[in-house]
Amino acid sequence: MDTLILEPSLYTVKAVLIMDNDGERLYAKYYDDTYPTVKEQKAFEKNIFNKTHRTDSEIALLEGLTVVYKSNIDLYFYVIGSSHENELMLMSVLNCLFDSLSQMLRKNVEKRALLENMEGLFLAIDEIVDGGLEEQQLSKIEIFCNIINVFIINFDQFKASLLNKSINLYNFYNNIIF
Amino acid sequence: MIKKFDKKDEESGSGSNPFQHLEKSAVLQEARIFNETPINPRRCLHILTKIIYLLNQGEHFGTTEATEAFFAMTRLFQSNDQTLRRMCYLTIKEMANISEDVIIVTSSLTKDMTGKEDVYRGPAIRALCRITDTTMLQAIERYMKQAIVDKVPSVSSSALVSSLHMVKMSFDVVKRWVNEAQEAASSDNIMVQYHALGLLYHLRKNDRLAVTKMLNKFTKSGLKSPFAYCMMIRIASKLLEETEGGHDSPLFDFIESCLRNKHEMVVYEAASAIVHMPKCTARELAPAVSVLQLFCSSPKAALRYAAVRTLNKVAMKHPSAVTACNLDLENLITDSNRSIATLAITTLLKTGSESSVDRLMKQISSFVSEISDEFKVVVVQAISALCQKYPRKHSVMMNFLSNMLRDDGGFEYKRAIVDCIISIIEENPESKETGLAHLCEFIEDCEHTVLATKILHMLGKEGPRTPTPSKYIRFIFNRVVLESEAVRAAAVSALAKFGAQNDDLLPSVLVLMQRCMMDSDDEVRDRATFYMNVLQQKQKALNAAYIFNGLSVSVPGLEKSLHQYTLEPSEKPFDMKTVPLATAPITEQKTEIAPMATSKLPEKLAPARQDIYQEQLAAIPEFKGLGPLFKSSEPVQLTEAETEYVVRCIKHTFGNHMIFQFDCTNTLNDQLLQRVQVQMEPSESYEVLHYVPAPSLHYSQPNSCYSLVRLPEDDPTAVSCTFSCTMKYLVRDCDPNTGEPDDDGYDDEYVLEDLEVTVADHIQKVLKPNFGAAWEEIGDEFEKEETFALATVRTLDEAVNNIISFLGMQPCERSDKVAENKNSHVLFLAGVFRGGHDVLVRARLALADGVTMQVTVRSTDENVVDVILASVG
């Protein structure tokens with residue numbers, strides 16, 4: 001097809017997307033100008049979602065970009081890179097994102113839990129990808145533990161107070177955090 | 001409010017989005033609590049999350065409101081809540097481009113990045129670098145250097161990554177951190193190593209020697225990080241390409257050794273690097289192909305995909321190398337991931353034998369409806385390539401394509417199919433009738449105007465020459481009745497071609513034209529009236545000039561000339577010959593092989609190129625009044641690739657003059673050249689009128705100087721000439737780092753290679769879609785014929801290519817392709833000679849011991865005929 005030699009660069013990731021099962025954007029971050037306006041971005045997301053939400057096949061080529069993806073319950077995770085990019089590198093970013101989220105949400109990776117921990121997601125993606133560069137990767141999990149610890153500590157405090165007042169634990173947790 | 005949402009959620013039982021109905025103004029209103037004391041970390045955190053969420057949804061924040069929120073947020077630095085602080089960093093990064101005066105947080109961030117909390121330091125560095133500009137960078141330089149070599153991997157990584165972002169902005173400052181980056185590269189942490197390597201490469205990429213050294217060092221010492229290995233492989237393959245190093249070079253050995261790495265990522269990167277090397281032989285490919293073959297049976301979809309995609313690329317250049325994998329690929333046809341299945345099948349189509357084609361086609365049709373349009377296009381391209389390889393299979397393919405054409409699909413997909421059918425028709429005369437029939441059927445129900453007009457054009461071109469042209473008329477006239485304006489107009493043009501070519505159809509066509517003249521659209525009426533009148537004349541020459549072979553001028557050029565003409569009223573009629581000619585569609589021959597994505601670009605750019613030159617040259621006062629630009633040649637290199645100065649020349653031909661544009665590049669960073677000009681010594685009676693020097697030539701910034709030459713008027717046959725060229729300039733030594741030149745310099749010169757002007761520079765390519773008609777149109781008034789023996793040429797193909805490149809004319813009627821196993825061939829060439837005279841050349845070639853060539857030249861000007869014959873001999 002082409003004898004293009006890759007410019008050696010650390011800029012691997014073009015975008016990271018998370019959508020719900022209606023194809024609504026929950027999180028989207030574009031790291032370059034492939035889709036400069038919100039309108040183009042939304043159109044692209046719609047296209048991706050339509051092409052991928054029915055199949056669970058991990059990887060696809062769309063609009064000349066390599067898209068690696070993963071779905072879990074009602075969430076769809078996408079990492080997008082150039083079609084010349086090493087697919088396995090993109091995959092490792094996606095896995096890292098998913099693993100850290102599942103650790104943070106304690107294996108409960110679904111829309112509701114994610115929305116309740118939105119700031120955790122923001123921080124996680126910031127740690128994983130910085131301006132299109134893969135950042136931290138595997139080593140980030142340690143860093144991440146810090147955030148998770150904060151959550152767990154908070155949670156335990158609530159639990160203590162909740163038991164006294166015998167209120168539905170789940171509800172209380174929601175109301176306090178959000 | 002929030003409680004309400006939750007209750008609703010529980011009722012509906014699904015997790016709806018608490019952020020769904022956020023109002024920007026309400027959130028900004030809420031942000032006021034940032035100013036409350038004591039700070040409530042949880043609420044503030046929630047509001048920051050909302051702000052970032054809004055930014056993320058693409059909400060637009062005005063500068064004032066963003067600045068206000070930003071300033072309120074800065075107060076949150078007083079809180080020691082970890083998550084809140086980190087969200088602050090994130091907000092700073094997100095708002096860095098929208099808010100004003102973001103630099104006020106510099107001191108807080110600097111404090112955090114040097115503080116004791118490791119959790120803060122990494123993000124603080126990244127946030128700080130986002131808001132820092134070149135002048136501020138100096139102030140934090142010391143901290144950055146420390147951070148790069150920090151023991152904590154996240155801090156070091158953050159610093160390295162941020163430095164990399166800063167390279168774009170202030171290369172010179174970051175360059176001073178090379179030693180620190182070097183130290184970080186030997187870190188134990190894999191990410192630090194990767195980022196350090198990336199930074200080091202970017203700092204040194206202009207210095208090939210340093211990159212080579214760096215590679216040598218790391219290949220010897222070995223790295224831990226698979227990412228770093230991937231990076232090294234990329235650097236190595238780029239270096240290999242630049243140095244055009246052979247495959248015995250240590251760099252290649254390194255890449256090959258990576259095929260045995262324990263990380264799949266590295267193995268794949270190495271295999272893909274080898275596959276993408278431009279001059280790779282089958283033997284060198286073998287190890288790469290065998291690892292890819294292993295990947296084909298991996299349980300990971302991404303790995304299978306990567307492997308098949310790369311094998312697909314190998315199959316384009318070395319189909320035989322992939323044959324070994326055919327069995328694995330056949331297993332992948334049933335893969336649950338349709339992308340993988342499609343790639344596998346297209347690869348098989350490229351490598352498979354003629355006998356397997358039928359079976360494969362059946363398998364494709366079973367799942368073609370399930371794959372995305374992108375992949376359907378890939379399939380169509382594979383079929384197109386297959387048709388060229390096995391022309392005998394065209395009936396199977398044609399059937400398959402027509403079935404695909406009937407299915408639903410987007411424009412790109414349909415266009416790929418139509419292009420493919422058209423290229424089959426053009427390649428293979430046997431398939432013409434079936435192909436045209438399928439296309440006719442398609443336009444009966446086609447929603448894409450572009451495709452309908454394209455097919456109508458095709459029908460007009462090919463239809464009249466089939467045994468029964470009358471059957472196409474019905475399809476075409478149906479379009480006139482049913483379609484939109486653009487399609488109707490195209491249908492009228494197609495009809496006219498039938499009328500012009502087939503005398504027995506002419507009366508019926510005239511009747512149909514008459515009806516078209518009452519069309520509701522003016523373009524359709526105009527065309528019908530025009531063709532009606534031309535056809536009624538019943539003159540072959542008129543038909544040829546106005547129906548078969550349209551205008552060959554460039555459209556923007558025509559527009560400009562007409563505009564010019566209306567500005568300066570004159571008695572003289574407008575002269576078509578002053579309009580620059582369209583550069584003949586050079587890409588046309590290639591499009592059927594090249595993939596869609598790449599073929600689209602050159603088509604758009606090619607005609608524009610000459611117009612750009614025209615504008616550039618018109619801006620130089622010395623070159624006023626030369627008339628329109630007739631032709632610009634492809635650049636000719638006048639120096640070796642790796643010399644101190646790189647010079648290439650573009651020859652611009654005008655009516656009676658030529659301008660030579662020398663694009664010079666200075667590759668020495670310690671020199672500044674001034675008053676650069678290229679002195680030219682002609683061998684013939686060409687006269688150099690003017691030199692326009694380039695005022696200065698900085699390191700690696702190309703600049704152009706020009707020479708204006710008058711062509712000899714008294715001897716019109718003197719078309720070829722050799723110029724010996726010398727570049728003269730004033731050298732001023734300068735500091736390689738700052739670019740500051742010394743005060744005084746000295747004159748110097750540099751001898752360039754000779755520049756040749758040949759007959760091809762005087763002829764512009766023009767495509768005559770109907771060569772026979774054009775041949776008759778010019779007539780035999782100035783016809784001359786001569787026979788030559790080409791003793792050195794062994795094959796017809798070679799002879800044809802030599803003639804085309806020598807004369808620089810456009811081959812017509814696909815006569816540039818020599819049928820296999822034939823001893824004779826006729827080549828048709830068309831062009832326009834400088835001054836606007838049409839030239840047509842018919843060359844009959846016969847293969848005996850050498851090649852014998854009988855050349856017949858026709859033109860509207862006698863001199864031109866002489867020039868061509870003289871130059872051939």
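- If you check an unreviewed UniProt entry, chain B appears there as Coatomer subunit gamma from Cyprinus carpio.
- Annotation of chain B in UniProt includes, under Sequence similarities (unreviewed entry), the sentence "Belongs to the COPG family."
- Listed under Subunit (unreviewed entry) in UniProt, the entry text for chain B is "Oligomeric complex."

- Naming follows an unreviewed UniProt entry, where chain A appears as Coatomer subunit zeta of Cyprinus carpio.
- Quoted verbatim from the Sequence similarities (unreviewed entry) field of the UniProt record, the comment on chain A reads "Belongs to the adaptor complexes small subunit family."
- Regarding chain A, the relevant UniProt record gives this comment under Subunit (unreviewed entry): "Oligomeric complex that consists of at least the alpha, beta, beta', gamma, delta, epsilon and zeta subunits."

**Points about the overall build of chain B**
Moving on, step 1. Scanning chain B for helices and strands turns up 37 helices and 17 strands.
Moving on, step 2. For chain B, with 873 residues in total, the buried portion stands at 52%.
Moving on, step 3. Residue pairs in contact within chain B that sit at least 24 positions apart in sequence constitute 64% of those at least 6 positions apart.

**Things to note about unusual backbone geometry**
Moving on, step 1. With a phi angle near 50°, I73(A) is a residue other than glycine that sits in the positive phi range.
Moving on, step 2. Mapped onto the fold, I73(A) is located in the loop between strand 4 (65-72) and strand 5 (75-82).

**Overview of the state of the cysteines**
Moving on, step 1. For the structure on display, the rule yields zero disulfides over all chains.
Moving on, step 2. Considering cysteine sulfurs only, C725(B) is the nearest to C721(B), which forms no disulfide, with 10.0 Å between them.

**Let's talk about the packing of aromatic side chains**
Moving on, step 1. Evaluation of the coordinates by the stated rule reveals 16 aromatic pairs over all chains.
Moving on, step 2. Residues Y229(B) and F254(B) carry aromatic rings whose centres are separated by 6.4 Å and whose planes lie at 20° to one another, so their mutual orientation is stacked. In this pair, Y229(B) sits in helix 14 (residues 226-243) while F254(B) sits in helix 15 (residues 250-258), placing the two residues 25 residues apart along the sequence.
Moving on, step 3. We classify Y229(B) as buried; its relative accessible area is 15%.
Moving on, step 4. Here F254(B) falls in the buried class, since its relative accessible area comes to 10%.
Moving on, step 5. A connected cluster of aromatic rings, assembled from ring pairs, spans Y30(A), Y35(A) and F44(A).
Moving on, step 6. The ring centre of F98(A) lies 4.9 Å from the NZ or CZ of K70(A), which sits over that ring.
Moving on, step 7. We note R474(B) situated over the ring of F475(B); from NZ or CZ to the ring centre the distance is 4.6 Å.

**With respect to helix 13 (residues 208-221) of chain B**
Residue and element names in this part refer to chain B.
Moving on, step 1. The end-to-end C-alpha distance of helix 13, which contains 14 residues, comes to 20 Å, matching closely the 20 Å that a straight helix rising 1.5 Å per residue would cover.
Moving on, step 2. Within the span of helix 13, buried status applies to A210, V211, M214, L215 and F218. Viewed along the axis of helix 13, the buried residues span an arc of 135°, placing them on a single side of the element. Exposed side of helix 13, more than 90 degrees from the buried face: L209, K213 and K220 are the residues found there.
Moving on, step 3. Where helix 13 is buried, its residues touch helix 11 (178-185), helix 12 (190-204), helix 14 and helix 15.
Moving on, step 4. Looking at the residues trailing helix 13, positive phi occurs at G222, about 80°.

**Things to note about the sheet that holds strand 3 (residues 59-62) of chain A**
All names here are of chain A.
Moving on, step 1. Pairing in this open sheet of five strands is antiparallel, and the strands run 2-1-5-4-3 from one edge to the other. Since the sheet does not close on itself, it has two edges, and those belong to strand 2 (25-30) and strand 3, each with one partner. Strand-to-strand twist across the sheet, computed as the mean angle between neighbouring axes with direction ignored, equals 20°.
Moving on, step 2. Taken together, the four bridges between strand 3 and strand 4 define a ladder with antiparallel strand orientation. Looking across to strand 4, one finds that L61 is bridged to T66.
Moving on, step 3. Contacts between helix 1 (residues 38-52) and the sheet are confined to strand 1 (13-20), strand 2, strand 3, strand 4 and strand 5, with strand 2 contributing the most and set at about 120° to the helix.

**A closer look at the pattern of salt bridges**
All names here are of chain B.
Moving on, step 1. Under the criterion given, the structure shown has 24 salt bridges over all chains.
Moving on, step 2. The closest approach of N and O atoms between D419 and K454, which form a salt bridge, is 2.6 Å. Remark: K454 occurs in helix 27 (residues 449-462) and D419 occurs in helix 25 (residues 411-427); sequence separation between them is 35 residues.
Moving on, step 3. Notably, a salt bridge pairs E783 with R858, separated by 2.5 Å at the nearest N-O pair. Of this pair, E783 sits in the loop between helix 35 (771-778) and strand 13 (784-790) while R858 sits in strand 17 (residues 851-859); the two residues are 75 residues apart in sequence, bridging distant segments of the chain.
Moving on, step 4. In this structure R858 comes out as buried when scored by relative accessible area, which is 9%.

**A word on a negative patch on the surface**
Residues and elements named next belong to chain B.
Moving on, step 1. Residues D670, D733, D735, E740, D742, D743 and D744 make up a contiguous surface patch of negative charge.
Moving on, step 2. Its place among the elements puts E740 in the loop between strand 9 (721-733) and strand 10 (746-751).
Moving on, step 3. A relative accessible area of 54% places E740 in the exposed class.

Definitions and limits used
Residues numbered from 1 in each chain as written. Chains lettered and ligands numbered in written order. Predicted model: local features only at pLDDT ≥ 70, side-chain atom pairs only at ≥ 80, totals over all residues. Heavy atoms only, no water. UniProt positions renumbered as here; feature names shortened; annotations may be inferred. Helix = DSSP H or I, 4+ residues; strand = E, 2+ residues; numbered from the N terminus. Buried < 20%, exposed > 50% of the residue type's maximum accessible area, 1.4 Å probe, protein only. Contact = heavy atoms within 4.5 Å. Disulfide = S-S within 2.5 Å. Phe/Tyr/Trp six-rings, centres within 6.5 Å; stacked < 30°, edge-to-face > 60°. Lys NZ or Arg CZ within 6 Å of the ring centre and 35° of its normal. Expected span 1.5 Å × (residues − 1). Arc of directions from axis to C-beta. Pairing = 2+ DSSP bridges. Axes fitted to C-alpha atoms, helices over the stretch in contact; angles between N-to-C directions. Salt bridge = Lys/Arg side-chain N within 4 Å of Asp/Glu carboxyl O. Patch = residues over 30% accessible without salt bridge, like charges linked within 9 Å, V, L, I, M, F, W, Y side chains within 5 Å. Areas by Shrake-Rupley, 256 points an atom, 1.4 Å probe, with all protein chains shown as cover. Lys, Arg positive; Asp, Glu negative; His and termini not counted. Charge placed at Lys NZ, Arg CZ, Asp CG, Glu CD.

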